[in-house]
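Architecture at a glance
Residues per chain, in single letters:
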Amino acid sequence: MSSAVSDRLPTFPWDKLEPYKKTAAAHPDGIVDLSVGTPVDPVPDLIQKALIDAADSPGYPTVWGTPALRDAITGWVERRLGAREVTHRHVLPIVGSKELVAWLPTQLGLGPGDRVAFPRLAYPTYEVGARLARARYEVYDDPTTLDPTDLRLLWLNSPSNPTGRVLSKAELTSIVAWARRHGVLVFSDECYLELGWEADPVSVLHPDVNGGSYEGVVAVHSLSKRSNLAGYRAAFLAGDPAVLGPLLEIRKHGGMMTSAPTQAAIVAALGDDVHVREQRERYAARRTLLREALLSHGFRIEHSEASLYLWATRDESCWTTVADLAARGILVAPGDFYGEAGERFVRVALTATDERVRAAVERL
């Protein structure tokens, strides 16, 4: 029976990159891995201390989290995103954002005959979630051109993974209004919102976008990138209580609980803006070096105005580019991992140490 579920899924894309990873690792000076957006910098001390102080947590945590955690989330959403009148009913902790993306269609009760839509170039797990629920899925360039019939879930992703594209306030406002007219639920993946470089990303929770109402709108946020907490599995939802309430009940039955020490760490992380600015500065410096090196090496960079990636092309097959860079000891992600429209691009992550970034620049 388990094979029947796995048969619904595509081939795990990263397995295809293994031969190129071996080639890059054979470089005399070692591999520079710019393929996966996994943080490499230390977890800030104040977050580590909060985790350690909460280590004596013998009892079960709750799915909804502690009141202190909910206070921290509501406070941050209002302070950072400009949201208004956010209560505990408007928020829900999750065990990292990937599990939410993969299981949301199932938890919403979607199935055959229902449709899920996501950007043409997108994080592969949006498709995985639809497949697990046996729902139909489709990609879009402009979601307001979709046929709304049986469209139950619309994923937005701004800033985008992989392209770094940012949807403007006007675009978001138009999309939310369109979705509400047609009764389509909007989930906005905003995990890279803190990492705007040439744009200032806006949340769907901002009143200028949603008109002061959270009806039919939920935002997804993660602390993996902004606070280097990928290993903690720390994320949360904020938005429509009519959506989050049933999700909370389902997740209680499923035991989808953020660990108590992690909850304490999230409280500390959301209460401090200094470490976020410091991490942004690290990524900004690496971005400048890699961008200039790629441009001088003959690449063209599109979008990339935000997020942790440079979306680069030499107008050739992405796998030709991957092979060429692997021969130089640099591993990047092929663009077709994110959809057919990426077949001539590669995604270059900023998540390498300063020393490894300098090594990549020298090789280019």
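Our subject is the structure that appears above.
First things first, this report covers the structure right here in the doc. (Residues numbered from 1 in each chain as written. Predicted model: local features only at pLDDT ≥ 70, side-chain atom pairs only at ≥ 80, totals over all residues. Heavy atoms only, no water.)

Let's talk about the sheet that holds strand E12 (residues 333–334)
Pairing is antiparallel across the open sheet formed by 4 strands, whose spatial order is E9-E10-E13-E12. If you trace the sheet from one side to the other, it starts and ends with strand E9 (300–302) and E12, each paired once. The pairing of E9 with strand E10 (residues 309–313) spans 3 bridges and is antiparallel. Paired with Ile 301 across the bridge in E10 is Ala 312. Of the strands in this sheet, E9, E10 and strand E13 (346–349) are in contact with helix H11 (residues 274–296), which crosses E10 at around 0 degrees. (Pairing = 2+ DSSP bridges. Helix = DSSP H or I, 4+ residues; strand = E, 2+ residues; numbered from the N terminus. Contact = heavy atoms within 4.5 Å. Axes fitted to C-alpha atoms, helices over the stretch in contact; angles between N-to-C directions.)

A word on the sheet that holds strand E4 (residues 136–140)
Pairing is mixed in the open sheet, where 7 strands are placed in the order E2-E8-E7-E6-E5-E3-E4. Pairing within the sheet leaves two strands with one partner each, and these edge strands are strand E2 (91–94) and E4. Adjacent strand axes in the sheet meet at a mean angle of 20 degrees when their direction is disregarded. Bridge count for strand E5 (residues 151–157) against strand E6 (residues 185–189) is 5 bridges, and the pairing is parallel. By the bridge assignment for E6, Leu 156 is matched with Ser 188. Sitting on the sheet, helix H5 (residues 97–107) touches E2, E5, E6, strand E7 (217–222) and strand E8 (235–239), and the angle it makes with E5 is about 160 degrees.

Some remarks on the packing of aromatic side chains
Here the structure, examined in full by the defined rule, presents 12 aromatic pairs. Ring geometry for Tyr 123 and Tyr 126: centres 5.8 Å apart, planes at 80 degrees, overall edge-to-face. A relative accessible area of 0% means that Tyr 126 is categorised as buried. Look at Trp 155 and Phe 187: their rings are 5.7 Å apart centre to centre, the planes differ by 65 degrees, and that puts the pair in the edge-to-face class. Note that Trp 155 is positioned in strand E5 and Phe 187 in strand E6, a separation of 32 residues in sequence. A relative accessible area of 0% places Phe 187 in the buried class. Members of the aromatic cluster, each reached through a chain of ring pairs, are Tyr 20, Trp 311, Trp 319, Phe 337, Tyr 338 and Phe 345. Sitting over the ring of Trp 64, Arg 70 keeps its end group 3.8 Å from the ring centre. One Lys or Arg, Arg 347, reaches over the ring of Tyr 309 and ends 3.8 Å from the middle of that ring. (Phe/Tyr/Trp six-rings, centres within 6.5 Å; stacked < 30°, edge-to-face > 60°. Buried < 20%, exposed > 50% of the residue type's maximum accessible area, 1.4 Å probe, protein only. Lys NZ or Arg CZ within 6 Å of the ring centre and 35° of its normal.)

Structural notes on the side chain of Glu 190
Assignment of secondary structure puts Glu 190 in the loop between E6 and helix H8 (207–210). The side chain of Glu 190 sits in the buried core without any salt bridge; Arg 80 is the nearest counter-charge, 9.0 Å away. Within the structure, the side chain of Glu 190 is placed 2.7 Å from the side chain of His 221, a separation counted as a polar contact. (Lys, Arg positive; Asp, Glu negative; His and termini not counted. Salt bridge = Lys/Arg side-chain N within 4 Å of Asp/Glu carboxyl O. Polar contact = N/O pair within 3.5 Å; in protein donor to acceptor, adjacent residues only side chain to side chain.)

Digging into the pairing of E10
Of all 5 residues in E10, 5 are buried; the element is thus mostly enclosed. The alternating pattern of E10 places Tyr 309, Trp 311 and Thr 313 on one face and Leu 310 and Ala 312 on the opposite face, and all of these are buried. Once E9 ends, the chain turns through 6 residues before running back antiparallel as E10, passing His 303 with a positive phi of about 50 degrees.

Here's the deal with the packing of helix H3 (residues 45–53) against helix H10 (residues 260–270)
Running from amino to carboxyl end, H3 crosses H10 at an angle of 150 degrees, the nearest separation of the two axes being 7 Å. Taken together, the axis directions place H3 and H10 in an arrangement best described as roughly antiparallel. The handedness of the crossing between H3 and H10 is right-handed. On H10, the residues that touch Leu 46, Ile 47, Ala 50 and Leu 51 of H3 are Pro 261, Thr 262, Ala 264, Ala 265, Ala 268 and Ala 269. Tallied by class, residues from the contact of H3 with H10 come to 9 nonpolar, 1 polar and no charged. (Parallel < 35°, antiparallel > 145°, perpendicular 65-115°, else oblique. Left-handed = near helix turned anticlockwise from the far one by under 90°. Nonpolar A, V, L, I, M, F, W, Y, C, P; charged D, E, K, R; others polar.)

As for the nonpolar core
With 65 residues, the main nonpolar core has Leu 34, Trp 155, Phe 187 and Leu 237 as its most contacted residues. Examining the composition of this core, we find that 5 residues originate from one element, helix H12 (residues 318–327), more than from any other. Among residues more than four places away in sequence, those in contact with Trp 155 are Leu 100, Val 101, Leu 104, Val 116, Ala 117, Phe 118, Pro 119, Tyr 126, Tyr 140, Phe 187, Asp 189 and Val 220. Among the nonpolar cores identified, the runner-up in size contains 43 residues, and Leu 81, Leu 154, Tyr 232 and Ile 266 belong to it. (Core = buried A, V, L, I, M, F, W, Y, C linked by side-chain atoms within 4.5 Å.)

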